[in-house]
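Chain and residue survey
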Amino acid sequence: MVRALEEEQAHFKSRLFHFRGMHENAGRKAQSEILESSGPLSPMELDRVTSRSQASKPVSNEPVVGSKIDTELMKERFAKLLLGEDMSGGGKGVSSALALSNAITNLAASVFGEQKRLEPMAPERRARWRKEIDWLLSVTDHIVEMVPSKQISKDGTNMEIMTTRQRTDLHMNIPALRKLDAMLIDCQDNFKDQNEFSYVSKDEESEKGKTKRKDDKWWIPTPKVPPNGLSEVTKKWLQFQKDSVNQVLKAAMAINAQVLSEMAIPENYIDSLPKNGRASLGDSIYKSITGVDYFDPDHFLSTMDLSSEHKILDLKNRIEASVVIWKRKMNAKDGKSPWSSAVSLEKRELFEDRAETVLLIIKQRFPGLPQSALDISKIQYNQDVGQAVLESYSRILESLAYTVISRIEDVLHADSLAQNPSLGEQKRNPLRDSSLTADKFPNAREELEKLNLSETPTSMTLSDFMGWALDQGDAEMKKDSADEWFKDNDAKPLSKPPNVVTNKKFSYIENLGGLRSPTARH
């Protein structure tokens, strides 16, 4: 009896073990059968078979779940890129360059779109930004160029071979943009310890209508400062933060402008242009630029109506179009071309130089201005994936830096109102920032060298600044003495090697693409 029961239990255990073995080997057996019947599988098919075989297995821990979610999210992102945002798969999607540019832009909008206050980023949004921007930037790791290299064979013979490396502009500029990215996020983290200013809540705005913003950006929270204003230390610290972010802004602007200048002008844009600069500018603006011997760009802009964003952008579009027209007229070989002109080459160059000077001043005075028709056309029809990444990444960093500067200016403006309420009657122009006014447009090489050579810490909380400010007297004396030494010896300080490739002098219209005449008119 006992022996029979033991035999029955042993038989049951053997059957249970056999059942478990069949269950565990089901996926491998199915995979081996497919491999034997249809040959080698593609990675996608292999992943599908593996996922099916593991569907019934319980999840062991949370990191595995998170990694699976990240993997699925990454697959979805890159699927949209490969399909060109055409989820029907009909081949009607946009180019890879534009799809990647849109992906970076949309990611930044979803992550930084809620950045309305001077406060650190939420850990979830920061982690998402770091993870997904790394995914999108990983494409640039596989954009390579052929370069000569030396190789020593086994017998000691030197041979010259061609090897691949990451394209030079990406190798130099992507790390620089990553550094600017980190500096902006660190700057936002610096506001975690401050307690001198806060923001008006929605309940307070509903109770007191006077606290609501009266400018165009009514949805931005209104800063609230003490009745007597901010302390001197806090105001100096805010100005220090603004100056630091302003350096990042100028560097991002310079890189973005350089990349745009190297993009070819699309034929669609050229075909839409009128045949002469007068038709593009209008008689009044055309005479103001070409009809005087001495041209003052500041006086010219003072006569223009720059009261709204639309009017400023319209002026910029007109001037950019005229510069393209004049450039093509200067490159026309004969009088039969539609772009040929009776005006001398010297005068065309003079007109173009005047117009480009006006464009640079507009870019300096109004950094928050939307993209012009030429820039949008270049981005839309650009086929270079590397340039698309550099342009979109630098553009969103430029936008974020401008947003941070605007929020700092809001707090400083609230402090000015607390000390002098009569200033509230003056209307602010949110597009204009006097801190960017300079003698020339920022150069990417120079701006990044400033960031690298600056001995002033870029990440500094208010408490750090209070201790750091005590030592500024000695630092200023050292700086003055060093400047005096360089002045007396007619020398310049040594600088570190540049971090970006900007061999050309900046110009809005530097790459004309082809010089073919337009085939149609709109």
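Under the annotation held in an unreviewed UniProt entry, the protein carries the name Rop guanine nucleotide exchange factor like and is attributed to Actinidia chinensis var. chinensis.

**A short note on the pairing of strand E1 (residues 144-152)**
On any regular strand, side chains alternate: one points to one face of the sheet, the next to the other face. Both E1 and strand E2 (residues 158-166) contribute to a ladder of nine bridges, which runs antiparallel. Among the inter-strand pairings, Val144 is bridged to a residue of E2, identified as Gln166. Where E1 folds back on E2, the antiparallel hairpin that results is connected by five residues, among which Gly156 adopts a positive phi of roughly 90 degrees.

**Some words on the packing of aromatic side chains**
Tallying each qualifying case throughout the model produces five aromatic pairs. Ring centres 4.8 Å apart and planes at 65 degrees place the aromatic pair Phe112 and Trp129 in the edge-to-face group. Linking Phe112 in helix H5 (residues 96-112) with Trp129 in helix H6 (residues 123-137), this pair joins segments that are 17 residues apart in sequence. Judged on exposure class, the residue Phe112 and its partner Trp129 are both buried. With a centroid separation of 6.3 Å and an interplanar angle of 80 degrees, the aromatic rings of Phe197 and Tyr199 are classed as edge-to-face. Judged on exposure class, the residue Phe197 and its partner Tyr199 are both buried.

**Quick word on unusual backbone geometry**
Backbone geometry at Glu85 places phi at a positive 65 degrees, although glycine is not the residue there. Relative to the elements of secondary structure, Glu85 occurs in the loop between helix H4 (62-82) and H5.

**Notes on the packing of H6 against helix H17 (residues 385-419)**
At a minimum axis separation of 11 Å, H6 and H17 run at an interaxial angle of 155 degrees. Classified by the angle their axes make, H6 and H17 are roughly antiparallel. Listed contacts from H17 to Trp129, Ile133 and Leu137 of H6 are Val389, Tyr393 and Ile396. Of the residues belonging to the contact of H6 with H17, the class tally is six nonpolar, no polar and no charged.

**Examining the pattern of salt bridges**
According to the stated counting rule, one finds 22 salt bridges in the structure shown. Note that Arg126 and Asp189 form a salt bridge whose closest N and O atoms lie 2.6 Å from each other. With a gap of 63 residues between them, Arg126 in helix H6 and Asp189 in helix H7 (residues 168-189) connect regions that are remote in the sequence. Looking at Arg126, the relative accessible area reads 24%, which means it is partly exposed. Measuring nitrogen to oxygen at the nearest pair gives 3.8 Å for the salt bridge that ties Lys363 to Glu398. With Lys363 in helix H15 (residues 345-365) and Glu398 in helix H17, the pair connects residues that are 35 residues apart, well separated along the chain.

**Describing the nonpolar core**
Counting 56 residues, the largest nonpolar core has Leu118, Trp129, Leu180, Phe191, Phe197, Leu238 and Tyr393 as its most contacted members. Broken down by secondary-structure element, the contributors of at least two residues to this core are H5, H6, H7, helix H9 (232-262) and H17. Of all the elements, H17 adds the most residues to this core, at 14 residues. Those residues in contact with Phe197 that lie beyond four places of it in its chain are Leu118, Phe191, Lys224, Val225, Leu230, Leu238 and Val411. Within the second largest apolar cluster, 23 residues are counted, among which are Phe295, Met304, Val323 and Phe351.

Definitions and limits used
- For every chain, the first residue of the written sequence is number 1, and numbering continues from 1 onward in sequence order.
- Where local features are concerned, this predicted model is filtered to residues with pLDDT of at least 70; where side-chain atom pairs are given and counted, the filter is 80 or more; whole-chain, interface and lining totals use all residues.
- Side-chain measures were taken over the full set of non-hydrogen atoms in the model, leaving aside hydrogen atoms and water.
- The rule for pairing is simple: two strands pair if DSSP sees at least two bridges between them.
- Numbering of helices and strands runs from the N terminus; a helix is a DSSP stretch of H or I covering at least four residues, while a strand is a stretch of E covering at least two.
- Note on aromatic pairs: the rings of Phe, Tyr and Trp (six-membered ring only in Trp) are paired at centre separations within 6.5 Å, and the planes decide the class, stacked below 30 degrees, edge-to-face beyond 60, tilted for the rest.
- Classification of residues uses two cut-offs on accessible area relative to the type maximum, computed with a 1.4 Å probe and protein chains only: under 20% is buried, over 50% is exposed, and between them is partly exposed.
- Here an axis means a line fitted to C-alpha atoms, over the contact stretch when the element is a helix, while the angle between two N-to-C directions is reported on a 0 to 180 degree scale.
- Should an angle fall under 35 degrees it is called roughly parallel, over 145 degrees roughly antiparallel, and 65 to 115 degrees roughly perpendicular, with every other angle called oblique.
- We call two residues in contact whenever any of their non-hydrogen atoms come within 4.5 Å of each other.
- Residues are grouped as follows: nonpolar covers Ala, Val, Leu, Ile, Met, Phe, Trp, Tyr, Cys and Pro; charged covers Asp, Glu, Lys and Arg; every other residue, Gly included, is treated as polar.
- Every case where a carboxyl oxygen of Asp or Glu lies within 4 Å of a side-chain nitrogen of Lys or Arg is listed as a salt bridge.
- Grouping buried Ala, Val, Leu, Ile, Met, Phe, Trp, Tyr and Cys residues that are joined through side-chain atoms within 4.5 Å yields what is termed a nonpolar core.

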